[in-house]
Amino acid sequence: MNIKKVGVLGCGLMGSGIAQVAATAGFDVVVLEQDQKFIDKGFAGIEKSLSRLVERGPEKGGLTAEQKSQTQSRLKGTTNMQDLADCDIVIEAIIENVEEKRKTHAQLDAIVKKNAIFATNTSSISVTELMTATKRPERFIGLHFFNPVPMMKMVEVVKTIATAPEVYDTAYEFAVKLGKVPVRTSDKTGFIVNRLLVPYLLDAIRAYEEGVGSITDIDEAMKLGCGYPMGPFTLLDFVGLDTTYYITHVMFDEFKEPRFASPPLLRRLVLAGWYGRKSGKGFYDYTDPKNPVPGKFV
C-alpha cells in the first residue's frame, strides 16, 4: 500500500522524534496526546531540533529554513482519536505498559480505517500480545526506533507469526523512506539490539559490583578498547535506569536466564529514584551536566 498519512501516538521523546522524521520525509503527520500541554511540549522540542538542523545547513546534512517550514506545516497535534481515522499507518510510542498499549490499540482499531497498518515502537513488550487487542493481526507490526530518533539511523522492523508479508515489506520500505536503515527481525523478546545489549550492560554492573574496575575505568575500557561511542554506565544513564530495569523483568520473565536478571545495584538505584540523566543522578551525578561525577557504590 502507498503510505501518505502517518499517525503517531504520544508526543514524548520518542513520539515527537518519530513525528519529526516522518514530516521531514514528506508525510502528513497527526500526533495524538491525552492533553494539549504534552503536544505543546513535544512540538517545542521538534522546533528546537529543526532549528539546530537549519544551523547545520543542508551542505552538512541539515535543512534549509524553507524545509523546516514545510516540515512544520505537515505536523498536526490533536487530543481527538477521530483525527487518526484516515491514517495509512499509526505508530504507537506511549508509555511502556502492556495494558495501556492494549487499551489504546483496541480503541483505535474501531476508529482507524481497516486497511491501515498498526505499528508499535515497544522495545521489550511482545508485539503479538499487543496485536491481540485488535482485529487486524495481519496488519500489526513492530517499528522499534532508537533515541534520539532524528539522529539514530536504525529501525528494527518486527514481524509476528500473523503479520502479512506485504505489510512486513511495506513497513520496511516506509522506514527506508524515513531515511533510516531498517533491519528485519521477529517477535522475540528484546529483538536484535536489546537481546545483545542488555546482557552486556548488566554484566558491566556486575563487574563493577565485583570490583573489576571503577565506573569510569569500565566506561573508558569499553570506549577505547572496543571502539564504542560511550561506555556502559554512560549509556545506562542515557537510556534511563528505570527503563533498563523494566526491560530486564520482561526479558527474564520470557527466558528465565540469569544473564537477563537485574543486578542488585541497579534495583537499588531505581528504588532511590536515581534514573540517570533525566533525574539528575544515576551511575553519575549530573549536577554539572558538562562534568558528570561518577558515584561510588561498592
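Before reading on, note that the structure itself is shown above.
To keep things clear, this report deals only with the structure shown in the data block. (Residues numbered from 1 in each chain as written. Predicted model: local features only at pLDDT ≥ 70, side-chain atom pairs only at ≥ 80, totals over all residues. Heavy atoms only, no water.)

## Brief notes about the overall build of the protein chain
So, point 1. A count of helical and extended segments in the protein chain gives 11 helices and 10 strands.
So, point 2. Computed over its C-alpha atoms, the radius of gyration of the protein chain comes to 20 Å, within 12% of the 19 Å expected for a compact globule of 298 residues.
So, point 3. Projected onto the principal axes, the alpha-carbon positions of the protein chain cover approximately 55 × 45 × 35 Å.
So, point 4. The buried share among the 298 residues of the protein chain stands at 47%.
So, point 5. In the protein chain, the proportion of contacts linking residues at least 24 apart, taken out of those at least 6 apart, comes to 64%. (Helix = DSSP H or I, 4+ residues; strand = E, 2+ residues; numbered from the N terminus. Rg over C-alpha atoms; globule rule 2.2 N^0.38 Å. Buried < 20%, exposed > 50% of the residue type's maximum accessible area, 1.4 Å probe, protein only. Contact = heavy atoms within 4.5 Å.)

## Considering the environment of Glu 59
So, point 1. Assignment of secondary structure puts Glu 59 in the loop between α2 (36-56) and α3 (65-73).
So, point 2. Sequence-wise, Glu 59 and Gln 72 are 13 residues apart; in three dimensions their C-alpha atoms are separated by 21 Å.

## Section: the layout of surface pockets
So, point 1. Approximately 290 Å³ is the volume found for the second largest pocket.
So, point 2. For the second largest pocket, the lining is made up of 15 residues, of which Val 21, Thr 24, Leu 53, Pro 150 and Lys 180 are closest to its centre.
So, point 3. Listed by contribution, the elements that provide at least two residues to the lining of the second largest pocket are α1 (13-24) and α2.
So, point 4. The class makeup of the residues in the lining of the second largest pocket is 7 nonpolar, 5 polar and 3 charged. (1 Å grid on protein atoms, 1.4 Å probe; cavity = no way out; pocket = protein on both sides within 12 Å on 5 of 7 lines; lining within 4 Å. Points joined across faces, edges and corners; volume = space filled by probe spheres on them. Nonpolar A, V, L, I, M, F, W, Y, C, P; charged D, E, K, R; others polar.)

## Considering the pairing of strand β7 (residues 154-159)
So, point 1. Where strand β6 (residues 140-145) meets β7, 4 bridges bridge the pair, whose relative direction is antiparallel. If you follow Gly 142 over to β7, its bridge partner there is Val 158.
So, point 2. Each parallel crossover has a hand, and for β7 linked through helix α6 (residues 165-177) to strand β8 (residues 181-186) it is right-handed. (Pairing = 2+ DSSP bridges. Right-handed = clockwise from strand over helix to strand, strands pointing away.)

## Some thoughts on the packing of aromatic side chains
So, point 1. Counted according to the given criterion, the structure contains 9 aromatic pairs.
So, point 2. When the ring of Tyr 200 is compared with that of Tyr 228, the centres are 5.6 Å apart and the planes differ by 90 degrees; the resulting orientation is edge-to-face. Of this pair, Tyr 200 sits in helix α7 (residues 193-209) while Tyr 228 is found in the loop between α8 (215-226) and α9 (232-239), placing the two residues 28 residues apart along the sequence.
So, point 3. Owing to a relative accessible area of 21%, Tyr 200 belongs among the partly exposed residues under this scheme.
So, point 4. Every member of this aromatic cluster is reached through a ring pair, and the members are Tyr 208, Phe 233, Trp 274, Phe 283 and Phe 297.
So, point 5. One residue, Arg 136, lies across the ring of Phe 118, its end atom 4.1 Å from the ring centre.
So, point 6. Sitting over the ring of Tyr 168, Arg 184 keeps its end group 4.9 Å from the ring centre. (Phe/Tyr/Trp six-rings, centres within 6.5 Å; stacked < 30°, edge-to-face > 60°. Lys NZ or Arg CZ within 6 Å of the ring centre and 35° of its normal.)

## Focus on the sheet that holds β7
So, point 1. Strands sit in the order β3-β2-β1-β4-β5-β6-β7-β8 across an open sheet of 8 strands; the sheet is mixed. Sheet topology places β3 (75-78) and β8 at the edges, where each strand pairs with a single neighbour. When strand polarity is set aside, the average angle formed by the axes of neighbouring strands in this sheet is 25 degrees.
So, point 2. As defined by bridge partners, strand β1 (residues 5-9) adjoins strand β4 (residues 89-92) across 4 bridges and the pair is classed as parallel. Across the sheet, residue Val 6 finds its bridge partner in β4, namely Ile 89.
So, point 3. Contacting β2 (28-32) and β3, α2 crosses the sheet at an angle of about 160 degrees to β3. (Axes fitted to C-alpha atoms, helices over the stretch in contact; angles between N-to-C directions.)

## Digging into the packing of α9 against helix α10 (residues 241-255)
So, point 1. Where α9 meets α10, the axes come as close as 6 Å, and the angle between the chain directions of the two elements is 95 degrees. Between α9 and α10, the interaxial angle falls into the category roughly perpendicular. Between α9 and α10, the contacting residues are Leu 236, Asp 237 and Val 239 on the first element and Leu 241, Thr 243 and Thr 244 on the second.
So, point 2. Residue composition of the contact of α9 with α10, by class: 3 nonpolar, 2 polar and 1 charged. (Parallel < 35°, antiparallel > 145°, perpendicular 65-115°, else oblique.)

## A closer look at the nonpolar core
So, point 1. Grouped together as the largest cluster of nonpolar side chains are 36 residues, with contacts concentrated most on Val 6, Val 29, Ile 89, Ile 91, Leu 143, Phe 145 and Phe 174.
So, point 2. With 6 residues, the top contributor of residues to this core is α1.
So, point 3. The residues contacting Val 29, other than those within four sequence positions of it, are Val 6, Val 8, Ala 19, Ala 22, Ala 23, Arg 74, Leu 75 and Lys 76.
So, point 4. With 24 residues, the next largest nonpolar core counts Val 198, Ala 204, Tyr 208 and Phe 283 among its residues. (Core = buried A, V, L, I, M, F, W, Y, C linked by side-chain atoms within 4.5 Å.)

## Side note on the pairing of β1
So, point 1. In terms of residue burial, β1 counts as a mostly covered element, since 4 of its 5 residues are buried.
So, point 2. With α1 bridging β1 and its parallel neighbour β2, the resulting β-α-β unit is right-handed.

## Comments concerning the state of the cysteines
So, point 1. Under the criterion given, the structure shown has 0 disulfides.
So, point 2. Cys 87 carries a free sulfur, and the closest cysteine sulfur to it, the one in Cys 11, is 14 Å from it. (Disulfide = S-S within 2.5 Å.)

## Focus: α8
So, point 1. Over its 12 residues, α8 runs 16 Å from end to end, which matches the ideal 16 Å to within 8%, given 1.5 Å per residue.
So, point 2. Buried residues of α8: Ile 215, Ile 218 and Asp 219, and no others. Projection of α8 onto a plane perpendicular to its axis shows the buried side chains occupying an angular sector of 100 degrees, all on one side. Residues of α8 that are exposed and point over 90 degrees away from its buried face: Leu 224 and Gly 225.
So, point 3. Residues of α8 that are buried sit in contact with α7, α9, β9 (284-285) and β10 (293-294).
So, point 4. Immediately downstream of α8, the backbone of Gly 227 shows phi near 75 degrees, a positive value. (Expected span 1.5 Å × (residues − 1). Arc of directions from axis to C-beta.)

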